[in-house]
Each structure stands twice: as C-alpha cells, then as structure tokens.
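Structure at a glance
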Amino acid sequence: MIPSTFMALPSSSYSHTLLFSNFLKPNTLTSRKSYASSLNINRDRYPISVVRNSASVSGEPSTSTISDVFGGKKELAGIHSLVDSMSPPVRFASSIIVVAAAISSGYGLGLRFGRTRNAALAGAAAFGLAGGAAAYALNSCVPEVAATNLHNYLAGCDDPKAVKKEDIEGIAKKFGVSKQDQAFNAELCDLYCRFVSSVIPPGSEDLKGNEVETIIEFKRVLGIDDPDAASMHMEIGRRIFRQRLETGDRDADIEQRRAFQKLIYVSTLVFGEASTFLLPWKRVFKVTDAQVAIRDNAQRLYAFRLKQVGREVNSEQLMSLRGAQLLYRLSDELAEDMFKEHTRKLIEENISTAVNILKSRTRTSRGPIQVVEELDKILAFNHLLISLSNHPESRHFARGVGPVLLLGGEYDGDRKIDDLKLLYRAYVTDSLSTGRMEETKLAALNQLRNIFGLGKREAERIMLDVASKVYRKRLAQAFSGGELEAADSKAAFLQNLCDELHFDPERASQIHEEIYRQKLQQSVADGELTEDDVAALLRLRVMLCIPQQTVEAAHSDICGTLFEKAVNGAIAAGVDGYDADVKASVRKAAHGLRLTRESAMSIASKAVRRMFMNYIKRARGAGRTESAKELKKMIAFNTLVVTPLVADIKGEPSDPATPEEPIKEESKNQFEQDEEEEEWESLQTLKKTRPDKELAAKLGKPGQTEITLKDDLPERDRKDLYKTYLLFCITGEVTNIPFGAQITTKKDNTEYLLLNQLGEILGLTRKETVDVHRGLAEQAFRQQAEVILADGQLTKARIEQLNEVQKQVGLPQEYAQKVIKNITTTKMAAAIETAVSQGRLSIKQIRELKEAGVNLDSMVSESLRENIFKKTVDEIFSSGTGEFDEVEVYEKITVDLNINADKAKGVVCELARTRLSNSLIQAVALLRQRNRLGVVSSLNDMLACDKAVPSEPLSWEVPEELADLYAIYLKSEAAPEKQSRLQYLLGISDSTAVALREMGDRVLPVGSEEENFVF
C-alpha cells in the first residue's frame, strides 16, 4: 500500500467543474461555490490519499485496509465535545438560556453599577451580544462535529458495504445538518474519494468486476450528488496524471497509465451517460480514445465474469452475462469471441485430460473408460450449448452461444491433430465395442468430428479402420460358429452385418478378397494346389460371395508370382541350361498352380519380352556388325529357350519330330500368302527368307511366334532393327584389318532364314517386312538411277541400262518406273520453272507438256501459273487481230493452267482497262509517225480490250486526230462491226463517218512529202 497526498483543488477549478451539470439549482450552485473554499480548508486538516489496496481473492477489502482508507478516529475537545453531547433541542434551548442569562446578567450589573436605566440597558445589550456570540459559536461548530462523527463512524466500520444509508442520515439528523453544510459535505466528498481510491486496483492488477457496483452503492449510501462525486473522480485522475508526469521510471509510468485507464473506465460506468459532461477527460487531460482503453478494461471485466461460467451453464447465467456485457460497454463481436474462447478452453481441459490418460505409461483398465467419459463431457457440454442457442429467449443470452469448436485454440494445428485423431479413434472403438453401431453413437461421432475439426475423409478413414477390425472379428465368429454356413443367403447375412456396423459393403468385399488371398497363399506354400486346397478355396469363395473375376485376379497375382519365379529360372538358365529338370519345374508350375493357359502365357510373355528388350538395347548401342550379332543371339535364344518354354507351358511335346498335319496346314497358309504376293517374287532378298524343304529339314522346327515385341516397340524401330539385319545378310560380316583395310565375309542363305525369324520376333507383318525389302531395293535402284539420269534425259540406251540395274536389285517394274519418273520429273520441273521465270514458256508449250503426261501443277507453283496466264492475256491484247475469245481465255486456258476462274477474270479486266487507254495513245503516236499499219494494229488491240471489257467513248484533246485514226481504219478493209465499234469508241458522229468514207485516200496521201500532218 503506497499512500500519496493529493494536491488541493483550487476553488476556481472546482467551480468550473460544477458548471457541467444542467441539473443544479441556482441556490445549490451558490452553495457549491462557497463549499469549494471550505473543501480546501478541510483538506488541509484531512489530507486525501490515493490508496492502492491489495484486495483478497474475493475482491473484498480487508479490515486493516479499511482502517487505512478512512484513517483513524478523530478526537473531540472543548466545545466540540460539548456540542457532541447535546441534542439539537437541548442545544437550541441552551442557546436561548445562555442569551437570556447574559441579557439578564448585563441588565442587573448595569443597573447595579450604573444605577441608571440606560446603564442597565447598555449592560444588557453588551452581555446579550456576548451570549449571542457564545450561542453562535456553539451552533457554528455543529457541522464540523457532525463531520467528525461521520468520519469516526466509517472509520469504525469493518466493512464499507455494511454501512447503511439510515445511519448516515441519522448522523445528519442528530446534529441537524445537511449536504448544504460545507464542512459536512466536504467530509462526504473526502470519504468518497478515499473509498474510490481504495476500490480501484493498482496498475499491475486487473479489475475484479465488482468495482462499479461497489462504488455506486457507496455513493448511494453517502447520498453524495453526482457533480460532487464526479469532481472527486477528476481529482483522483489529476493526481494520477501528475504522478505519471513526475515519475522517471518506465515501469512506474506504465503502471500509472494503467491505473489512469482503469479510473476512466470505472468512472464512465459509474455515471453512465452523464459521464460525457460530468467527466471531461479528453478536454482536461488531452487523451485519445485509444489511451482511454475502454475496450481492454471491458474485456478484462467480462473475462472475470466468464470465469464463473462452467459446464453447467444455464439461461440465468447467460442473461446475467448479457447484462454485464452491456454494462461494461463491450461490443457483441468481442463478447462473442470471448465466450467462444472460454467454452473452447473448457473443452480443451477435457481433451488434455483424455490425451494424458491415453499417453500415460501406467495404463489401467479404466483408462479407455475415463477417456470416453471425458469425451462424453465434451459432447454433453456441446449439446447443452446447442440447445441454449435454440432457446426462445436466446436473444437475451450472451453472444457466442453455440456449438464448440477448437479453431484458434491450443489444438488447432498440425502438431496436435494426431492427438485428436487418437481420441476420435478411442471413441469409435468404444462405440463399436458391442459389435454394432448405434444411431446415437453415430450422431455423437459426427458432433465430435465437427468439434475436433477433422476432415470428412480423415474421420471416415479412422472409422473404416476400426470398423474393419470389428468386421473381421464378427466375420471370424460367424464363420467358426457356423452361423454364416447355416444362413440361407450368405449375401443377406453379410449385408446385415455391414448394416449393423454401418460398414461400407465395398470395403467388406475388399476384406473378403484379402482373406481369400491369405488362404490361397497358405495353400500354395509348397508350390502347387491339391484337390483339398481347391475344395477349401471354393468353400471360402462361396461363403464370402467372392466373384469369379476377383478369384481369377488373386490366382493370377499369387500363383502367377510363383510361376514367374519358375519362368525366370528357366530363362536365367540360358541356351545351354534349359535341361530336363528345368522343363519339369516349368511344367509343374504351369499345371500344378492351376493357372489358365492365357494367364501362364501372359506371365511368360512379360519375362521373355523383358529378355528380348535387353538384346535390343545392346543391339542399339553397337555398330552394324555387332548389332547383327546381338540380334542373332536373340534369335537363338528364342529358338532354343523360348520355343520349348512355350511348349512346356502349353503341355505340347518339344520333340522336333512333330506331326505332319500342322506342317501341311502351315505350308498351305504359306502358299496362300505367296499367291497373294506374286508381285514381289522379283525381290531376291525376300525370296531367300523362304526356306526350301532341304534347308527347313536342316534347321529343324521353327521358333515360336506367340511372344513378340509388337507392343513394346514402335513400328519404325522394329523396321530399323529388321533393316539392320537385312543389310548384314546382304553385305556379310565386315572385319577391319590393319592399314585400314576391310575383309567382307559372305554368308549363305541361312542368314535370311534367321532374318525371317527376327521379323516374327519383332512382330512385323508380312506387308511390313515386304516394305522393308522393297524400300532397301528402291533405295539402291534410286542411287544408281540418279547417276544415270543426271541430266534428266531418258534415252533408249539409258532405259536398257536402268532395266539391268532393276534386275540386279530385284525391284518390281512398277516401282522402278515410279523412281525413274520421279527423277525425270524432278529434273524437268527445275527446267520448266526456269523457263517460266525467264518467260520462255507459252500456253502452246504447256499444252504440249500436258499432252505428254507432265503434271505441271506439281512442278510449277500457282503464282508462276498466274504469271503465265497474265502474259498470255497480254499477248492477246497486243496481237493486233482485234479478237478476244472468252471461251478460250476463261475456260480453256484457266483449265490448262489450273487457276481460279474468278481470279482470272479479275486479271483480264485489269489488263483490258489499262491496255485500252494505252492502245489509243500508241495509235495516235503511230499516226503522227505516219505508220498506217501500226495504227491499224493498235486500233485492233483497242477493240480487243473493249471486247473483253466494254468501254465508254474515249476522249482526246485533238478531235481531228481521232478522225484521222478512223479514216485510216476504214481503209484497212476491217469488218463492218469493228468499224462501227471503233466509231463509237472514238466518239465520231455518223455524218463525220460518212464524210470520211467519201474522202477516201485524201486523208493521208502516202508518199506526199509536201502535205503536212495536222496535229
């Protein structure tokens, strides 16, 4: 407890503070002003202390604190003790008696010593004044005595809450005083100030929540007015604010600031709405809303009230909380968040307890039960809050009442999610402990999942895991007890079991499959399935309603693994290790494991193709000769290992002396293929791949063709590998010797038979192998043909030379002709394109080329063909004939050049318009040169342009020249329709035309040098 003395409040300041009240009467305001000065005097006698008490846990001030708050009792002496012993009537009577006795004594003494009446009256007056003064002095000290009695009364009380308003009023009534008496009112304010200072906790402590009610009640008991009480709050604030300014310690400054904030908050709640004008904190102390910190203090008080709310919360408590929230001026959002946080902390306590039990090293039999009990408490509390949120009076309840969530709390994070999953699993296990899932438990699990914030998939995964174990247990009991076997419908029994556990039937089917697989694995532990094993597996399949597809998949997986080991062993034995023991192990695995032929062949195919791919990888990384050797090894592996392996799997005899019927059938099929491919008989390399009878007997039985690399390699890669070995068969083995020389060792036709087997291993069809042979032959023929036809000219000698090359490479005549045509066409295309670009190719030559079968469309681009058309039309317009054949231009020429007809018409129109005007200008120029034939030719060109695109009459600056042009054209013996059209184009009238016809040769006397031309 740190006592501190307040500075005396000046009268002017206090009087100014009182002006904030609009409810003070004029006479009251006057008494307040006179009271202020006496308050200063009283404070000099009774210093005000800001007391910081250390309240007990319950928030009640202790006895020692109370005595320190109000100070010790005051002693009365002299006249004060006399006044204290007198009641108001006695005091009034005593005053009258004293005054009367003084007057009587003065009158007697004046008459005795003055012996006159005037002296007696003077003595009576003098002694009356003295008696009146004594009576006044006696009555004037009554307020001070009343104040002292009030102080001693409160100082003697053990609990300020026990003070009664009747006792305070009794003291005032005893001495006949009221709040208008300055001394008495000053003591009331001083006592109130001391009490408020003691109630508000120091800066380091939070509000307890009962401060406002305590101060309001004490103010009511004292009967002090709000303006006087508000002035005391402001005085306490001034003192705290001054101490904060004077302190030099940062921690002390923070403590004083918190004390100041709590004073402002409590004062605001004490005076309610009137605090806005009774407590001018912002104006006097220049503080902001943030510095006032009303929200922080409201949160602390509301948190204190929330601590009283437990898991047995009821509607009355929630209504009380709502009232406290409104009293503390706390917003609904903050109140809602605080209530949810409080409820979350309550369930977090249960969760922590349950987690500690689960993780305890000293587990007891009651451990799981205790965990479930804690979780039931959480569910009960959550159910209570949900029911309260649906209460009819829920709008009057505290904000935030609703389902509990762990979001934002201790268990909201990845580190704690595993603990929540353990608790959820424990509750699921308890719910299924009876062997069935009740609807109430299912609803409780959904609520628990929402409270824990678990995802739907996570919760389903946990429930599925626990339910799977329970389902297995129930299934084992039904199987061993005979219930499942005795059931009329096995499927209905299993479905009923799933319904009782709320278990997914698909997951149940997976469990059935796992059980079947486990049984099957136990049965094939010795490498084969006996009849008893097959019967037991069939019974299990029927009991568990396992579909045939699942059974086959299980056999293929488990039995296939064992069979795959046997096949891998046989393959690992290699070409020389595939003996009778290996053959026996393969036959035993293939037939003893009861695998279908398709499954066994599929497993063997994977292993064999994996071995084939190893050969292929080595072949790709080597040169041509080494690559061919690797492919040859693969062919030998296929013949000596894979072929007997396939026979053993099928159960066929592997003796080369096979029945003749299949060979005859195969020969027949081969013959049919040969008939279909007669056109390829000329391919010598292809013919060599077909063995004769003597060679086939020498090589023995051909290799298997069921396992191929058709699906493992793309067609292009398979053809490349086949081509590599084909080149090896053609060129032979090349050996490098010193000094850069090479030796080529030719092979016999047996290599071609191996080539045929390679094609079967690679999965190439007959057509694909033929394409490879044909492509290689075509490539060889092309190389030699390009040398022979270097200049593109095909002569008789060259044709004979090409036929000889064709026979050597064995390329069919059709493809040889295509190669020759392609070469000649390419050479010709280059020549034609050069001729077109140089303008040396006319439409007549193009037609001749087309009649010769030359495809100009592929040789000449469209733009060049359009240029040819443009040039041809320009030649028509400059031919001097005056003719334009639309059918020839628009139909025949466009077809010959294979260009767009509409685009061709556009080209013609553009050229005709341009050429028309140019022809007129050229005709006038030739007229001035006296070139009559040239004039006629230009006028004919103009008529041809007009025929292509009809024109309007033309204009010229010298009309006489147009007349001369027409006159010359009349002498050219042109057709009348041309003369008429030219007359129209030149704009010559009929009369002028007639006159020009009559003039005849007089227009242009040829050879007359004396005649001048008219320009």
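Heads up: the structure comes first, above all this text.
Residues numbered from 1 in each chain as written. Predicted model: local features only at pLDDT ≥ 70, side-chain atom pairs only at ≥ 80, totals over all residues. Heavy atoms only, no water.

1. Describing the pattern of salt bridges
Formally: Just to be clear on terms, a salt bridge is a Lys or Arg side-chain nitrogen sitting within 4 Å of an Asp or Glu carboxyl oxygen. Only DSSP runs of H or I reaching four residues or more are called helices, and only runs of E reaching two or more are called strands; each is numbered from the N terminus. A 1.4 Å probe rolled over the protein chains alone gives each residue an accessible area, and that area as a share of the maximum for its type sets the label: buried under 20%, exposed over 50%, partly exposed in between.
Tallying each qualifying case throughout the model produces 38 salt bridges. Its salt-bridge partner being E217, residue R220 comes within 2.5 Å of it at the nearest N-O pair. Taken as a pair, R220 and E217 lie in helix α10 (residues 211–222) at a separation of 3 residues, close to a single helical turn. In this structure, K340 engages E336 in a salt bridge whose closest nitrogen and oxygen atoms are separated by 3.1 Å. Here the residue K340 and the residue E336 both occupy positions in helix α18 (residues 332–359), the gap between them amounting to 4 residues, near one helical turn. On the basis of relative accessibility, which here comes to 31%, the residue E336 falls in the partly exposed class.

2. Structural notes on helix α20 (residues 414–431)
Stated precisely, the cut-off is as follows: Here the expected length of a helix is defined as 1.5 Å per residue gap, with one fewer gap than residues. Contact between two residues is taken to exist if any of their heavy atoms lie within 4.5 Å; hydrogens are not considered.
Relative to the 26 Å expected for 18 residues at 1.5 Å per residue, α20 spans 26 Å between its end C-alpha atoms, a close match to the ideal helical length. Its buried side turned inward, α20 meets α18, α19 (367–389), α21 (439–452) and α22 (456–481).

3. A short note on the packing of helix α17 (residues 315–328) against α18
Packed helices, taken two at a time, are described by the angle their axes make and the gap between the axes. Applied cut-off: Where helices are involved, their axes are fitted lines through C-alpha atoms of the stretch in contact, as for all axes, and angles between N-to-C directions lie from 0 to 180°. For classification purposes, an angle smaller than 35 degrees is called roughly parallel, one larger than 145 roughly antiparallel, one from 65 to 115 roughly perpendicular, and anything else oblique. Note: crossing handedness is left-handed where the near helix turns anticlockwise from the far helix by less than a right angle, and right-handed where it turns clockwise. Following the grouping adopted for this structure description, the nonpolar residues are Ala, Val, Leu, Ile, Met, Phe, Trp, Tyr, Cys and Pro, the charged ones are Asp, Glu, Lys and Arg, and the polar ones are all others, Gly among them.
Packing of α17 against α18 brings their axes to within 11 Å, and their N-to-C directions diverge by 140°. With respect to α18, the element α17 is oriented oblique. Where α17 crosses over α18, the two elements pack in a sense that is right-handed. Between α17, through L318, L321, R322 and Q325, and α18, the contact on the second element is made entirely by D332, A335 and F339. Looking at the contact of α17 with α18 residue by residue, the class counts come to 4 nonpolar, 1 polar and 2 charged.

4. What about the side chain of T343?
Along the polypeptide, T343 turns up in helix α18. Ignoring any residue separated from it by four or fewer positions in sequence, one finds T343 in contact with F381, L385 and V404.

5. Focus on the nonpolar core
Put simply, the rule is: Note on terminology: a nonpolar core comprises buried Ala, Val, Leu, Ile, Met, Phe, Trp, Tyr and Cys residues joined through side-chain atoms within 4.5 Å.
If you look at the biggest cluster of nonpolar residues, it comprises 181 residues, and the most contacted ones within it are Y192, Y424, F452, Y471 and F563. Of all the elements, helix α30 (residues 597–620) adds the most residues to this core, at 11 residues. Setting aside its immediate chain neighbours within four residues, Y424 contacts L445, L448, R449, F452, L454, A459, I462 and M463.

6. Overview of the packing of α18 against α19
Between α18 and α19, the shortest axis-to-axis distance is 8 Å and the interhelical angle comes to 170°. In terms of axis orientation, α18 runs roughly antiparallel to α19. The handedness of the crossing between α18 and α19 is left-handed. The segment α18 lies against α19, with F339, T343, L346, I347, N350, I351, T353, A354, I357 and L358 engaging G367, Q370, V371, E374, K377, I378, F381 and L385. Of the residues in the contact of α18 with α19, the class split is 11 nonpolar, 5 polar and 2 charged.

7. Some words on the packing of aromatic side chains
Note the cut-off: Whether two aromatic rings pair depends on their centres lying within 6.5 Å, for rings of Phe, Tyr and Trp, where Trp uses its six-membered ring; planes under 30 degrees apart make the pair stacked, over 60 edge-to-face, and the rest tilted.
By the definition in use, this model includes 7 aromatic pairs. With centroids separated by 4.0 Å and ring planes inclined at 20°, the aromatic side chains of F195 and F218 adopt a geometry described as stacked. A residue pair is termed long-range when its members are at least 10 positions apart, and F195 in helix α9 (residues 182–199) and F218 in helix α10 qualify at 23 residues. Judged by its relative accessible area of 2%, F218 is buried.

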